[in-house]
Amino acid sequence: AQKVTQAQTEISVVEKEDVTLDCVYETRDTTYYLFWYKQPPSGELVFLIRRNSFDEQNEISGRYSWNFQKSTSSFNFTITASQVVDSAVYFCALSLPSGAGSYQLTFGKGTKLSVIP
Amino acid sequence: SQTIHQWPATLVQPVGSPLSLECTVEGTSNPNLYWYRQAAGRGLQLLFYSVGIGQISSEVPQNLSASRPQDRQFILSSKKLLLSDSGFYLCACSDGTNTDTQYFGPGTRLTVL
């Protein structure tokens, strides 16, 4: 069975500090997709990144970067020079095919990030 | 790119009353559609998904039901709400190109009293 673990329930950092959110996943499938979503106080889940299981290249987008390591089944997310607007709950998710062209997302429990000015 | 609409945004209902939440999608055709629930302080739970009109798959047995009367319309219903139905309900759709990727609507916050 698939599982996503986000061991950090809550993190607080001071503005401009770097912060890394951890994500560990479990699956027996060889083809899968990994995601990070941001949930600000408004509640909407905002898509941040998609990664397939065959692409281990790290990715950088502005202040965001992601480190995917299949050897440790981890997909960590780093925010550089954090800002108050980064305060949100961040979810890591694993996507696997569930038949008939559909995919099922398994979410971690989320990490609440608070950036203090 | 797709746009997902959900209404109402917030809802307060008494126990035992019926429920109807609506989700509509623009900007894509024949999407996969999903309903999730997020209870207070908890993660997201998949309730239903649909790969086409009239095709509904249920992930968790409960007093909720879903219907897809049109290609880009997904409805979540209940005949009698329970206190435990309170939560934040999110509709999601897949991109027509990458069906593995789900994009979420703004959500409906339901409080059952």
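Residues numbered from 1 in each chain as written. Chains lettered and ligands numbered in written order. Predicted model: local features only at pLDDT ≥ 70, side-chain atom pairs only at ≥ 80, totals over all residues. Heavy atoms only, no water.

(A) Representation of the sheet that holds strand 3 (residues 19–26) of chain B in the model. Residue and element names in this part refer to chain B. Spatially, 1-3-8-7 is the arrangement adopted by the four strands of the open sheet, whose pairing is antiparallel. A strand with exactly one partner marks an edge of an open sheet, and here the two such strands are strand 1 (3–7) and strand 7 (64–70). Between one strand axis and the next, the sheet turns through 20 degrees on average, direction left out of account. In terms of strand pairing, strand 3 meets strand 8 (residues 73–78) through six bridges, oriented antiparallel. Within the sheet, the bridge partner assigned to Glu22 lies in strand 8 and is Ile75. (Pairing = 2+ DSSP bridges. Helix = DSSP H or I, 4+ residues; strand = E, 2+ residues; numbered from the N terminus. Axes fitted to C-alpha atoms, helices over the stretch in contact; angles between N-to-C directions.)

(B) Broad picture of the interface of chain A and chain B. Contacts between chain A and chain B engage 20 residues on the former and 21 residues on the latter. Summing the contributions of chain A and of chain B, the shared interface buries around 1700 Å²; its carbon and sulfur component is 53%. Between the two partners, chain A and chain B, sit one salt bridge. Between B:Asp100 and A:Arg50 there is a salt bridge, with the nearest N and O atoms lying 2.5 Å from each other. Remark: the boundary between chain A and chain B carries eight residue pairs in polar contact (both at pLDDT 80 or more). If you list the elements that add at least two residues to the side of chain A that touches chain B, you get strand 5 (33–39), strand 6 (46–52), strand 10 (88–99) and strand 11 (102–107) of chain A. Among the elements that take part in the side of chain A that touches chain B, strand 11 of chain A stands out by supplying five residues, more than any other. Classifying every residue of the side of chain A that touches chain B gives 10 nonpolar, eight polar and two charged. (Contact = heavy atoms within 4.5 Å. Buried area = accessible area lost by both parts, 1.4 Å probe. Salt bridge = Lys/Arg side-chain N within 4 Å of Asp/Glu carboxyl O. Polar contact = N/O pair within 3.5 Å; in protein donor to acceptor, adjacent residues only side chain to side chain. Nonpolar A, V, L, I, M, F, W, Y, C, P; charged D, E, K, R; others polar.)

(C) Summary view of the side chain of B:Arg68. Residues and elements named next belong to chain B. Within the fold, Arg68 resides in strand 7. Here Arg68 falls in the buried class, since its relative accessible area comes to 3%. Of the polar contacts made by the side chain of Arg68, one reaches the backbone oxygen of Pro31; its length is 2.7 Å. If near-sequence neighbours (up to four positions away) are discounted, Arg68 is found in contact with Asn30, Pro31, Asn32, Leu33, Ser50, Val51, Gly52, Ile53, Gly54, Ile56, Gln73 and Phe74. (Buried < 20%, exposed > 50% of the residue type's maximum accessible area, 1.4 Å probe, protein only.)

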